[in-house]
Amino acid sequence: MPKKTKYRKSHKGKRGGQATRKTSLNFGSFGLMSLESCWVNSRQIEASRRAMTRYIQRGGKIWIRIFPDKPVTLKGGEIPMGKGKGSVDHYVVVVKPGMVLFEIEGVDEKTAKEAMSLAAYKLPIKCKFVSKN
């Protein structure tokens, strides 16, 4: 959840198109790149991070390149139609194809690939393992 936002609620927006930012590895040697577009929430990001750190046993360094800053609103159950927009329930990040989600450094390629595959299981999209060379 962001510390402060300009507006409390936001529009849904469009999900299509290719990523133009965060498309290359900037920090680590290996990364996890998305192949589809969707919303990824903070719980899924945290589950992926935990799976990676548990596998590499805190050996390398992990960078999380995405941050959930888009508020998603929900209305409670059994509320009639109308009466305005619901309250903010959780935050998501809009992930587009070609976006690097995680990067890792300080481990060998085999370990990094397995750690990234464990992280990819926790995400609602198809991902691929990428490396600098």
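Residues numbered from 1 in each chain as written. Predicted model: local features only at pLDDT ≥ 70, side-chain atom pairs only at ≥ 80, totals over all residues. Heavy atoms only, no water.

Next up on the list: helix α2 (residues 109-121). With 13 residues, α2 should reach 18 Å at 1.5 Å per residue; the first-to-last C-alpha distance of 18 Å fits that figure. Listed in full, the buried residues belonging to α2 are A112, A115, M116, A119 and A120. Buried residues of α2 fall within an arc of 140° about the axis and therefore sit on the same side. Exposed residues lying more than 90 degrees from the buried face of α2 are K110 and Y121. Turning to α2, the residues buried within the fold contact β1 (30-34), α1 (42-56), β6 (100-105) and β7 (127-131). (Helix = DSSP H or I, 4+ residues; strand = E, 2+ residues; numbered from the N terminus. Expected span 1.5 Å × (residues − 1). Buried < 20%, exposed > 50% of the residue type's maximum accessible area, 1.4 Å probe, protein only. Arc of directions from axis to C-beta. Contact = heavy atoms within 4.5 Å.)

Moving on to the environment of K126. With respect to the element layout, K126 can be found in the loop between α2 and β7. Separated by 122 residues in the primary sequence, K126 and K4 place their C-alpha atoms 31 Å from one another. With sequence-adjacent residues up to four places away left out, K126 is seen in contact with M33, S34, L35 and E36.

Residues L32, L101, F102, I104 and L123 are the most contacted members of the largest nonpolar core, which totals 25 residues. Of all the secondary-structure elements, those providing two or more residues to this core are β1, β2 (38-41), α1, β5 (87-95), β6 and α2. Ranked by the residues each element gives to this core, the list is headed by α2, at five residues. Filtering out sequence-adjacent residues up to four positions away, L123 remains in contact with L32, V40, Q44, S48, L101 and F102. (Core = buried A, V, L, I, M, F, W, Y, C linked by side-chain atoms within 4.5 Å.)

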